[in-house]
Amino acid sequence: MPTAETKATTWTNAKASLSIFAISVGISLFTAAYEKAVDPLFGSVATAEYINYVVHGSTVLAIILPKLSRSLLLPSIAILVQVAPHTTYWVSVFAARNGDPVLGSLVTHATVLAPVIYLAVSLATSIDSTLATIALAANALQLRPLILLVARHLSLDTHKDVVFLMLGSLASLVWTLEKLGASRLSTRAASASNTIAITRKFWAMSIPLIYFLFPALWSPTLSGSGIFPYRSQDFPLRILSSKDSVTGVVVVGELLPPNAEVVDPTTTHYIRYLRASHSLLGGVWIGPHVPSLHGAPSRTDQAGTPLGDSIYSTFVLQDAARLIMNNLQGDGGEGENALIIGLGVGISADAFIRHRINTTIVEIDPAVYDAARKYFGLVYPGDDRVFLEDARNWVYKRRAAMQSENLSTFDIVIHDCFSGGGVPQHLFSVEFWNDLKSIMKPNGVVAVNFAGRFGSQSTRAVVTTLLRVFGQCRAFHDLPNPIPEDQFYSTFLNMVFFCSPSSYPLTFRPAVDADYLHSYLRRDILSSLDKRELSVSQLKGTDVWSRDTEERFVLTDINNTLNAWQREEALEHWKLMRKILPDIVWETY
């Protein structure tokens, strides 16, 4: 029979293990919430560049440096975590203004994330240094990814401010309990002096209590306040909606007429935009910029606000898929089916629906779909034609279901998954394209939007993989003028690749008035395809192109380096976005 001393030792060891495990879980949750909070200002690529180095470096320093007093560790952690929404936002804002997303994110990591990790690990090692070291190493190697996966499954990563609040409150609670000690409070009436002593012990809980009583303190961002529309006092900017969602913060904003006393009148204005993280998913002209061909009525949002053309030509360029002769002959028959993967503001989806094409939408982020419907005039596509999930899983399920059910195949697929300077690499592999081809008609066409430098490794990889699966592709850019030869490989482009497994060559019929949907932009784009074409053969550049070279650029689930190859272009995209729109637009969400 175990003795009382053995029981006490066992309980002490168990408590130490549970405490260290709880700290380890807390570090992972805090890091995930912090990363989500930084992402809107730096983008995912820059944010991830050095974050693991900062976490591991802070952990090592906490293990090897002299330990701080436990009486200082808990209150410091509680306060830093509680104010993390504010410190993360403001440090990121000022760090991003230097124009370098990698350096800016590193400064933010070192200022906000590193102190919390250092103090939390110091607390763990003060409990049991050997056990803490083992647990933290296991956390870094195996536990942390699992915790992050569970957090995403529970949508904790989309409620970062709640995570900060709960972790800060738990730290304050533990701090309070330690001050009270292990003994229970006496049930006898306390004297005045005892009341004062008890009040001093409980004051640590006043920090989270203030936050619970005043939710406005939770976050400095609009997504945490829910008060819309918001009008900036410093810039002609109005935010109609801001919501933390699957792909990051999703914002609908408007750049209003300029005020000459506040901003440069040449600044872009009269646009409504949709933003996810640090990327524009699209937008439309508003105000006086909504003329239409033949004086036809303008499209409107759900509130009746007139909407003009897309601010990005590339989304209209995708509509050229209707003009491909071996696909639909452009006559909009009743039996035609289109699939949209990646909705954006719904420019292509809305056009297809208005052309009476049966249109199915697959969009991973519900907030993006809701914004397209409410603020950008997307026509309701119909029952059972909207799927808010990851496209890889949806396409796989569709392919499997077609073996046992009489499901229609698709004449057109619009694949537009570019966001934040990069694309999800699992939607660009041979395996995905093969699954997609299996749910297309034999003469169907897929239009793939991709942004980057023509001839870059990432662009070569995308095109080489598409050619491997579909056999033929043609490429077009959305710039208004031809690209000079000396800038052909250095210009950052929005490109659309049209690919088909058809045995017939990809040819486009001339656009006619009915194709334009009363849009000046559609007329300009669809009537000038010959001036926008890029030679796919030029992707090989001056390199010696061999079978081995080609295999290097074919993307598969096992060998997929697209994310790594996109890094430089993603950082360039961040800088480009900061030139297109001023800092305050990116800082207001």
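Parameters at a glance
- Residue positions are given per chain, counting from 1 as you read along its sequence in written order.
- Given that the model is predicted, a residue must reach a pLDDT of at least 70 before its local features are reported, and side-chain atom pairs must reach 80 or more before they are shown or counted; all residues, however, enter totals for whole chains, interfaces and linings.
- To get the side-chain values, take all heavy atoms of the structure and skip hydrogens and water.
- Only runs of H or I of at least four residues qualify as helices and only runs of E of at least two qualify as strands under DSSP, and these elements are numbered from the N terminus.
- Buried, partly exposed and exposed residues are distinguished by accessible area as a fraction of the type maximum, computed with a 1.4 Å probe on protein chains only: under 20%, between the cut-offs, and over 50%, respectively.
- Pairs of residues are marked as contacts when any of their non-hydrogen atoms sit within 4.5 Å.
- Note on areas: Shrake-Rupley, 1.4 Å probe, and residue coverage restricted to the protein chains presented here.
- A helix is expected to reach a length of 1.5 Å times the quantity of its residues less one.
- Bending is quantified residue by residue as the angle between axes fitted to the seven-residue window ending at that residue and the seven-residue window starting at it.
- At least two DSSP bridges between two strands are required for those strands to pair.
- The crossover handedness rule: strands pointing away from the viewer, path from first strand over the helix to second strand clockwise, crossover right-handed.
- In predicted models, pLDDT denotes the confidence assigned by the predictor to each residue on a 0 to 100 scale.
- Should a side-chain nitrogen of Lys or Arg be within 4 Å of a carboxyl oxygen of Asp or Glu, the pair is scored as a salt bridge.
- Our working definition of a disulfide is a cysteine sulfur pair at a distance within 2.5 Å.
- The criterion for an aromatic pair is that two Phe, Tyr or Trp rings (for Trp, the six-membered ring) have centres within 6.5 Å, with stacked assigned to planes under 30 degrees apart, edge-to-face to planes over 60 apart and tilted to the rest.
- Lines fitted to C-alpha atoms define the axes, with helix axes restricted to the stretch in contact, and inter-axis angles between N-to-C directions lie between 0 and 180 degrees.
- Like-charged residues within 9 Å of one another, or nonpolar side chains (Val, Leu, Ile, Met, Phe, Trp, Tyr) within 5 Å, are grouped into patches, provided each residue has over 30% relative accessible area and no salt bridge.

1. Looking at the overall build of the protein chain
1) Next: Within the protein chain, the regular secondary structure consists of 19 helices and 15 strands.
2) Next: When the 589 residues of the protein chain are sorted by exposure, 51% land in the buried category.
3) Next: Nonlocal contacts in the protein chain, meaning residues at least 24 apart in sequence, comprise 75% of its contacts between residues at least 6 apart.
4) Next: When the accessible surface of the protein chain is summed, it comes to about 26,900 Å², and 59% of that surface belongs to carbon and sulfur atoms.

2. Re helix 18 (residues 562–580)
1) Next: Taking 1.5 Å of rise per residue, the 19 residues of helix 18 would be expected to cover 27 Å, and the 26 Å separating its terminal C-alpha atoms lies within 8% of that figure.
2) Next: Taken as a whole, helix 18 carries its principal kink of about 40° at Glu568.
3) Next: Listed in full, the buried residues belonging to helix 18 are Leu562, Trp565, Gln566, Glu569, Ala570, Leu571, His573, Trp574, Met577 and Arg578.

3. Remarks on the pairing of strand 14 (residues 492–500)
1) Next: Counted residue by residue, strand 14 has 8 buried out of 9 residues, so it is predominantly covered.
2) Next: Relative to strand 14, strand 13 (residues 472–477) runs antiparallel, the two being bridged by 6 bridges. Within strand 14, the residue paired with His477 across the bridge is Met495.

4. As for the pairing of strand 9 (residues 358–362)
1) Next: With respect to burial, strand 9 is a largely interior element, 4 of its 5 residues being buried.
2) Next: Where strand 8 (residues 337–341) lies against strand 9, 5 bridges are found, and the strand directions are parallel. Residue Asn337 lies in a different strand from strand 9, and its bridge partner there is Asn358.
3) Next: Crossover strand 8 to strand 9 through helix 11 (residues 347–354) is right-handed.
4) Next: In this sheet, strand 10 (residues 386–387) lies alongside strand 9 in parallel orientation, the contact comprising 2 bridges. Looking at the pairing, Ile361 lines up with Val386 of strand 10.
5) Next: Handedness of the crossover joining strand 9 and strand 10 through helix 12 (residues 366–375): right-handed.

5. A short note on unusual backbone geometry
1) Next: Of note, the bond from Phe228 into Pro229 is cis; its omega dihedral lies within 30 degrees of zero at 0°.
2) Next: Secondary-structure assignment places Pro229 in the loop between helix 9 (206–213) and strand 1 (230–231).
3) Next: Residue Leu517 is not a glycine yet carries a positive backbone phi of 50°.
4) Next: A relative accessible area of 16% means that Leu517 is categorised as buried.

6. Describing the confidence of the model for the protein chain
1) Next: A residue-level look at the protein chain finds 82% of positions with pLDDT of 70 or above and a mean pLDDT of 85.
2) Next: This stretch, residues 182–192, has a pLDDT under 50; its non-local contacts, to residues over four places away or in other chains, come to 2 contacts.
3) Next: With pLDDT under 50 throughout, residues 327–334 is counted as low confidence; its partners more than four residues away or in other chains account for 21 contacts.

7. Notes on the pattern of salt bridges
1) Next: The full count for this structure, using the stated rule, is 22 salt bridges.
2) Next: Two residues, Lys160 and Asp244, come together in a salt bridge whose shortest N-O distance is 2.7 Å. A residue pair is termed long-range when its members are at least 10 positions apart, and Lys160 in helix 7 (residues 160–180) and Asp244 in strand 2 (residues 237–245) qualify at 84 residues.
3) Next: The shortest N-O distance in the salt bridge between Lys441 and Asp411 comes to 3.6 Å. Of this pair, Lys441 sits in strand 12 (residues 440–453) while Asp411 sits in strand 11 (residues 410–415), placing them 30 residues apart in sequence.

8. Observations concerning the sheet that holds strand 3 (residues 248–255)
1) Next: Taken in spatial order, the 5 strands of this open sheet run 1-2-3-4-5, and their pairing is antiparallel. If you trace the sheet from one side to the other, it starts and ends with strand 1 and strand 5 (279–285), each paired once.
2) Next: Where strand 3 meets strand 4 (residues 271–276), 6 bridges bridge the pair, whose relative direction is antiparallel. Bridging from a neighbouring strand, Val251 pairs with Arg275 of strand 4.

9. Focus: the state of the cysteines
1) Next: Summed over all chains, the structure comprises 1 disulfide.
2) Next: Between Cys473 and Cys499 runs a disulfide, and the two sulfur atoms are separated by 2.1 Å. Classification of the bridge connecting Cys473 and Cys499 rests on its S-S torsion, roughly 110°, and on that basis the disulfide is right-handed. Of this pair, Cys473 sits in strand 13 while Cys499 sits in strand 14, placing them 26 residues apart in sequence.
3) Next: Under the relative-accessibility criterion, Cys499 is labelled buried at 0%.

10. Some details on the packing of aromatic side chains
1) Next: One pass over the structure, following the stated rule, counts 17 aromatic pairs.
2) Next: Judged by centre distance (5.5 Å) and plane angle (80°), the rings of Phe498 and Phe508 are edge-to-face. On the criterion of sequence distance, the pair formed by Phe498 in strand 14 and Phe508 in the loop between strand 14 and helix 16 (520–526) is long-range, its members being 10 residues apart. The pair formed by Phe498 and Phe508 is uniform in burial state, with each residue classed as buried.
3) Next: Ring pairing ties together the aromatic residues Phe428, Phe432, Trp433, Phe450 and Phe470, which thus form one cluster.

11. Here we look at the sheet that holds strand 12
1) Next: Strand order in this open sheet of 8 strands is 10-9-8-11-12-14-13-15, and the pairing throughout is mixed. Strands with a single pairing partner mark the edges of an open sheet, and in this sheet they are strand 10 and strand 15 (533–534).
2) Next: Across 5 bridges, the pairing between strand 11 and strand 12 is parallel. By the bridge assignment for strand 12, Val413 is matched with Val446.
3) Next: Its contacts with the sheet put helix 14 (residues 430–438) on strand 8, strand 11 and strand 12, and the angle it makes with strand 12 is roughly 145°.

12. Looking at a nonpolar patch on the surface
1) Next: A contiguous nonpolar patch, built from Val60, Leu61, Ile64 and Leu65 and spanning about 350 Å² of accessible area, is present on the exposed surface.
2) Next: Among the structural elements, Ile64 can be located in helix 2 (residues 51–64).

13. Side note on the environment of Tyr520
1) Next: With respect to the helices and strands, Tyr520 occurs in helix 16.
2) Next: Note: C-alpha distance between Tyr520 and Val290 (230 residues apart in sequence) is 9.9 Å.
3) Next: Residues in contact with Tyr520, not counting those within four places in the same chain, are Pro291, Ser292, Leu293 and Asp309.

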